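Examination of the molecular architecture
The residues making up each chain are set out below.
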Amino acid sequence: MAPRIYAPQRLRVAILGTGNISRAHIAAYQHLPQAEIVAGCDILPERREWFLQQPGCQNARVYEDYREMLEKEELDAVDICTPNGVHAPAAIASLKAGCHVMVEKPMAMNPAECQRMNDAAKKAGKLLACGFQLRYTPVVQMAKRAAEAGLLGEILYVKIHAMRRRGVPNWGVFGRKELQGGGPMIDIGVHQIESAHYVMGEPRPVAASGRTWTYLGDKPSQVVSRWPNWDYKTYTVEDLCVGQVRFADGSLMEVESAFCSHLAEDTAYWEIMGTKGGFRTDTGTLFHDQGGTMVNSQAGFLPPHPPPTDFVSKLGDFLSAIQNGTPLHSSGLEGMAVQKIIDGLYRSAAQQGKEVVIP
């Protein structure tokens, strides 16, 4: 194996998986001069060809097998953008090869894989980051500051909304449970769960109850939608998942997430309720009492947030932790906590909604 040579002036990064989500990562690295993309890996030749045409990637080398890439390249970090089922083996191999790792959400397929990834990071003495970008957005940071300032009081209850009326991705493998681990809950619900859990103060989940239903995604559809003609023949995930999670501090989280549902409009937000105040992310509103009046407060200013700002923030945090030793704000420990929530909901659903313990 080639020795790892670390150049503190620019970190050498490889993109593992050059499919759709890698577009946002590659675009973000163009705003992060402390890193350079030196390699890319994908099993599909057309994706490797596409990768080499992207800004900042023209001089990179490409590989079909990530093991060969890890053997031949002198890398500081590997950025994993593959389907969920590849996250754990690719991350563990990269950590063993002496690389820091950023892995896209969700961290893995289940908590057991997350544990192996965290163990590998600890043994290698390398950083393992999980790609949760919503926590870096201005509105979530506003909510976090309100919570830390005591404006919410004791947090009692959170309601998660991650609902699409007809939004099955017609690309990738999002409908294949054996490659993704699940459907909308693990794909889009994870973002809202993670950012809400972050604002809650990351309490320990102890129990979950949930139900899942599949009634549209596994059938051909003639309904006009933004992503028509998905592969219903290989669709093995849920259309809709709802559930409740209990935490060690007594707080509750309710979750609803769907690729297919009959509702007025798509929604992606959470609302939080505490003893002194509440917050809702889609409107960026703080609900509290002031001077004997119920007040709805909104920010007079929040930083502009054009794409790919959230990816720049999460990748910048990762690179700074490597290069400068700053705290890593979205580590594998946070990733595993979120995975336990999702796993608990799915395990309960497999038992027809019976509450299950989250170890």
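Quick note: structure is the one above.
In this text the structure is predicted, and so the values were computed from the model without any measurement.

Focus on the overall build of the protein chain
- Secondary structure summary: the protein chain contains 10 helices and 15 strands in total.
- In summary, the protein chain has a C-alpha radius of gyration of 21 Å against a globular reference of 21 Å for 359 residues, a match within 12%.
- Dimensions of the protein chain, computed from the C-alpha atoms along their principal axes, are close to 65 × 50 × 40 Å.
- For the protein chain, with 359 residues in total, the buried portion stands at 54%.
- For the protein chain, long-range pairs separated by at least 24 residues make up 74% of all intrachain contacts whose partners lie at least 6 apart in sequence.
- Of the roughly 16,000 Å² of accessible surface on the protein chain, 54% is carried by carbon and sulfur atoms.

Some points on the side chain of E194
- As for its position among the elements, E194 is in helix α8 (residues 184-200).
- Assessed through its relative accessible area of 2%, E194 is described here as buried.
- Contact partners of E194, with chain neighbours within four places excluded, come to F132, R135 and V338.

Details of unusual backbone geometry
- With an omega of -15°, the peptide bond running from K105 to P106 counts as cis.
- With respect to the secondary-structure elements, P106 resides in the loop between β5 (100-104) and α5 (111-124).
- Of note in this structure, E202 is not a glycine but carries a positive phi near 60°.
- Considering the arrangement of structural elements, one finds E202 in the loop between α8 and β8 (205-213).
- Its identity is not glycine, yet N229 carries a phi of approximately 60°, on the positive side.
- The topology assignment puts N229 in the loop between β8 and β9 (240-247).

What counts, and at which threshold
Per chain, residue numbering runs from 1 following the sequence as it is written. Whole-chain, interface and lining totals are the exception, using all residues; otherwise, since this is a predicted model, local features are given only for residues with pLDDT of at least 70 and side-chain atom pairs are given and counted only at 80 or more. Only hydrogens and water are set aside; all other atoms, that is, all heavy atoms of the structure, feed into the side-chain values. Strands here are runs of E lasting at least two residues and helices are runs of H or I lasting at least four, both read from the DSSP assignment and numbered beginning at the N terminus. Only C-alpha atoms enter the radius of gyration; for comparison, a globular chain is expected to reach 2.2 Å times N to the power 0.38, where N is the number of residues. The classification of residues rests on relative accessible area computed with a 1.4 Å probe and restricted to protein chains. Under 20% of the type maximum is buried, over 50% is exposed, and intermediate values are partly exposed. Contact criterion: two residues are considered in contact whenever any of their non-hydrogen atoms come within 4.5 Å of each other. Throughout, the Shrake-Rupley method with a 1.4 Å probe supplies accessible areas, and for residues the shown protein chains are the sole cover considered.

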